[in-house]
Structures are given as structure tokens and as C-alpha cells.
Amino acid sequence: MTSDKCDFVGSQSRIGAMLTSNVTKSAGEENATRTDSAACGYVSVVFPITMMATGMVGNSLALILVYISYRKKENRRKKSFLLCIGSLALTDLFGQLLTSPIVISAYRADLRWERIDSSGNLCAFFGVCMTTFGLCALFMASAMAIERATAITNPHWYSNHMKTSVTKQTLVVIWCLVLLFALLPVAGVGKYTRQWPGTWCFISTGDREVPGNIFFSFTFALLGIFSLLVTVSCNVVTIRGLITRCKTKSGTSQASKHWERLTTETVIQLMGIMCVLLVCWSPLLVLMLRMISTQVSSHECNSSAESSHPSSSVRDVQLDCNFFLTAIRLASLNQILDPWVYLLLREILLRKFCLVANAVSNCSVEDQKETQTALDALNKQKQESLQQSQSNKGDF
């Protein structure tokens, strides 16, 4: 919506310039264009500032809770889970701290990236950060999903082989492999380019002339989709295992009730994790595949927006670029939602949800009991009146 507004303002400036003069831009027109860009930048800068602030609060709070819980827990299974949650929160926090200030600086520079990055090295750094922190978050989510599914489906193997050291090694391997992959454009395989509206850098999806660019962008999209599929599949397996075990443990004892409550909380949490991942990442990954196949890159909008008579193909490119900007913002939103769906909501909302569900269930049970009691009383009264009438006939 912000980019549409910027397009509208820029179009109005160009129309005014065409009515004033048919030659080159005058000094007054240049100042007007810069003023319009500054206005659009001022409006748009609220979005990255809000995301950075909310993300820092959520991830910092999650790190504090993880640290406190990790020192208290003696169960290594819970420590492994806390290590994964803490690493994910730390990854999301660093991702926002390293990229959001650059985006804000670009908005404050009137969407002119060259003002803050004359050498082009900052664009490559930004692209490496986006790729690294994005894929790391996805792979960590997959690792946690695999761990939960293994613990539910094969608890004996899990208790014998799953140690805290294994969790640490897995997290380090994920970080190193993803970082090596993200550095491929720096080594000459693929390319990071400035993306629409000129405030961020990411993988170029349409430059077939750059060596290895299609391979790099296509591999990124496939790795992201593969990670989503692994996470969703393992979470579905975990939910089925929990429900099956809950049915076998059903009863009236305190332990069975505790297990039912724990199962309900975990199922709700896993459903929330899957919904957040799919909503935040699917648009970006699918759109990347589409743009690769059509040889469209988001940085082309930076030049197409300058055209005073846009053709239909240019408008299609602009539409893809607007979708691409929305998709990358959704993916960035995942960094804000991660600590809530993995840790904070479980402590705050899930228990309240279960209390409400139990209250509704208890109310339904009480209503059924009251209805049944009223029916029993009515039947008893009918039987007594019938017996009394029969006894009166016998006396007669």
C-alpha cells in the first residue's frame, strides 16, 4: 500500500513536469520529486521501526525466560528444547538488529540507497544477513519439529541418544552451512541486488547473465519449501502421536487429566506454528519461483518506475514487485511471531484457552445433569401419580 502511494505521488510529479516543460528536468522539478520521495519515505519508515521495536521486545523477553528456565531445568530433554528456542530467538533478534537500521537509514535518505552505500558492499552484507537469518530460522523450526516427532514416536531411542551436546552440534552445523550458502554470491555464484522500493537488498531472481544466479535463487526457494514441508509433516506426526497416546491414557485420574491438558496445549501450539510459518513464508518462496520462471527481478522496478508511459509489461513487473515487497515483509514478520508461538503464548494464552474450554465443557455437563435430574423428577412424579390412581381403583 505504501509503494502504491509512492507510485501515485511520483506519477503526479511526472505529469506536472510534462505540463510545465517537454525538455529535461528543471531544478524546481527535481526538488519537488525529492520532496515527494521524502514524504513517501516518512510514511513508510513507520513499518520497519515498528517491526524492529516489537521484534526486539518479544525476542528479548523470550531469551530472558529461556535463560531463567534453562538454569532451573534438570531434564536434558527440556534443556534441548530450551536451547533450540533460545537459538531461534537469538537468530531472529540479530537478524532484526543487523538489517532494520539499514532499512530505516535508506528511508531517511529519501529511498536513495547510494547515499548510504556508495561502494555497494553494504548491499551484499544486507543480502547475506537476509539469506542467513531467514534460512536459519526455517531450519531451526524443522530441527525442533523433528525432535518433537522423534520424542513422541520413538521415546526410548530419544531418551538414549538425544543429548544436549547433540542439540548444540546440530545448531552449529545449521548456522555454518546456511552461512556458507549465503556467502556464495560474494564468491561469484549468484548476486544480491537492491530491491524495490530501494530500501533493502536480496537475491536477484531474473538476471540470467550473472553466473550461477538462477541456481542460487532457485536453491534458496527450494530449501525454504523443503524446510516448510519437513516442519509441517513432523508436526502432523506429533499431533497424531499425542492424540493417540492421550486416548490410551484417558480416565478420571489426576495424571490422565494432566496429560489431556498438556496434549491440548501442545496441539494448539503446533497448529499455531504451522499457520505462522505457512502464512509468513509461502508467499515469498512461491513468488520467487514464479519470478525465476518469468525472468523478473524486483530491482527492475527501480527503473520501470521512472517511465512516464508505462506499458502493460512494465505494469506487470510493478505488480510483481509490489507483491514481492509484501511477501518479504511477511517473512520478516515471522521473526516477530516466533517467540510468541514457540514460548510466550504457551505460558500466557494456552492455559487460559484450556481453562475457558474446560469451563464451557463443565457448563455443558452441568446443564446435562440438571436436565437429566428434572426429567427423572418428572418421571418419578408420573409414576407416583399412576401408582396412586391404581391403588384408588383397587380400593373402589
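Residues numbered from 1 in each chain as written. Predicted model: local features only at pLDDT ≥ 70, side-chain atom pairs only at ≥ 80, totals over all residues. Heavy atoms only, no water.

### Here's the deal with the overall build of the protein
Move 1: Scanning the protein from N- to C-terminus turns up eleven helices and two strands.
Move 2: Its helices and strands in sequence order give the protein the pattern α-α-α-α-α-α-α-β-β-α-α-α-α, from N to C terminus.
Move 3: Long-range pairs, those at least 24 residues apart, make up 78% of the contacts in the protein with a sequence separation of at least 6.
Move 4: Taken as a whole, the protein presents about 21500 Å² of accessible surface, with 64% of it coming from carbon and sulfur. (Helix = DSSP H or I, 4+ residues; strand = E, 2+ residues; numbered from the N terminus. Contact = heavy atoms within 4.5 Å. Areas by Shrake-Rupley, 256 points an atom, 1.4 Å probe, with all protein chains shown as cover.)

### Remarks on the environment of E209
Move 1: Along the chain, E209 turns up in the loop between β2 (200-203) and α8 (213-248).
Move 2: Separated by 19 residues in the primary sequence, E209 and G190 have C-alpha atoms spaced 9.8 Å apart.

### A look at the pairing of β2
Taken residue by residue, a regular strand's side chains alternate between the two faces of the sheet.
Move 1: The pairing of strand β1 (residues 192-195) with β2 spans four bridges and is antiparallel. What sits directly across from Y192, in β2, is I203.
Move 2: Linking β1 to β2, which pair antiparallel, is a turn of four residues; within it G198 sits at a positive phi near 95 degrees. (Pairing = 2+ DSSP bridges.)

### Some thoughts on helix α3 (residues 46-72)
Move 1: With 27 residues, α3 should cover 39 Å at 1.5 Å per step; its first-to-last C-alpha distance of 40 Å lies within 8% of that length.
Move 2: If you check which residues of α3 are buried, you get P48, M51, M52, G55, G58, N59, A62 and V66. (Expected span 1.5 Å × (residues − 1). Buried < 20%, exposed > 50% of the residue type's maximum accessible area, 1.4 Å probe, protein only.)

### A short note on the pattern of salt bridges
Move 1: Per the counting criterion, the structure on display carries one salt bridge.
Move 2: Two residues, R115 and D110, come together in a salt bridge whose shortest N-O distance is 3.6 Å.
Move 3: On the basis of relative accessible area, R115 is assigned to the partly exposed category, the value being 45%. (Salt bridge = Lys/Arg side-chain N within 4 Å of Asp/Glu carboxyl O.)

### Side note on the state of the cysteines
Any covalent bond linking the sulfur atoms of two cysteines counts as a disulfide.
Move 1: Inspection of the entire model under this criterion finds one disulfide.
Move 2: Each sulfur in the disulfide pair C123 and C201 lies 2.0 Å from the other. The sign of the S-S torsion, about -115 degrees, decides the handedness of the disulfide formed by C123 and C201: left-handed. Of this pair, C123 sits in helix α5 (residues 121-153) while C201 sits in strand β2, placing them 78 residues apart in sequence. Across the pair, C201 and C123 agree in class, each one buried.
Move 3: Free of any disulfide, C176 has its nearest cysteine sulfur in C136, 9.2 Å distant. (Disulfide = S-S within 2.5 Å.)

### With respect to the packing of aromatic side chains
Move 1: Evaluation of the coordinates by the stated rule reveals six aromatic pairs.
Move 2: Ring plane angle 85 degrees and centroid distance 5.9 Å describe the contact between Y192 and F216, whose orientation is recorded as edge-to-face. Of the two residues, Y192 is situated in strand β1 and F216 in helix α8; the sequence distance between them amounts to 24 residues. Accessibility assignment for this pair places Y192 and F216 in one class, buried.
Move 3: Judged by centre distance (5.5 Å) and plane angle (80 degrees), the rings of F202 and F220 are edge-to-face. Of this pair, F202 sits in strand β2 while F220 is found in helix α8, placing the two residues 18 residues apart along the sequence.
Move 4: Above the ring of Y70, the side-chain terminus of K79 is found at 5.0 Å from the ring centroid.
Move 5: A cation sits over an aromatic face here: R329 above F47, 4.5 Å from the ring centre. (Phe/Tyr/Trp six-rings, centres within 6.5 Å; stacked < 30°, edge-to-face > 60°. Lys NZ or Arg CZ within 6 Å of the ring centre and 35° of its normal.)

### Description of the environment of R245
Move 1: Structurally, the position occupied by R245 is in helix α8.
Move 2: Sequence separation of R245 and I152 is 93 residues, and the distance between their C-alpha atoms is 9.0 Å.

### Focus: the packing of α5 against helix α7 (residues 164-182)
Move 1: Where α5 contacts α7, the axes come no closer than 9 Å and their chain directions differ by 145 degrees. Here α5 and α7 pass one another in a crossing that is right-handed. For the pair α5 and α7, contact is made by V128, T131, T132, F133, L135, C136, F139, M140 and A143 and by L171, I174, W175, V178, L179, F181 and A182, respectively.
Move 2: Residues of the contact of α5 with α7, tallied by class, amount to 14 nonpolar, two polar and no charged. (Axes fitted to C-alpha atoms, helices over the stretch in contact; angles between N-to-C directions. Left-handed = near helix turned anticlockwise from the far one by under 90°. Nonpolar A, V, L, I, M, F, W, Y, C, P; charged D, E, K, R; others polar.)

### Things to note about the nonpolar core
Move 1: Ranked by size, the top nonpolar core spans 69 residues in total, and within it F202, F220, W281 and Y342 carry the most contacts.
Move 2: Elements that contribute at least two residues to this core include exactly α3, α4 (76-108), α5, α7, β2, α8, α9 (254-293) and α11 (312-395).
Move 3: For this core, the leading source of residues is α5, giving 14 residues.
Move 4: Other than its neighbours up to four places away in sequence, F220 contacts T131, L135, F181, F202, I203, W281, L285 and M288. (Core = buried A, V, L, I, M, F, W, Y, C linked by side-chain atoms within 4.5 Å.)

Worth remembering: the numbers are spatial, not functional.
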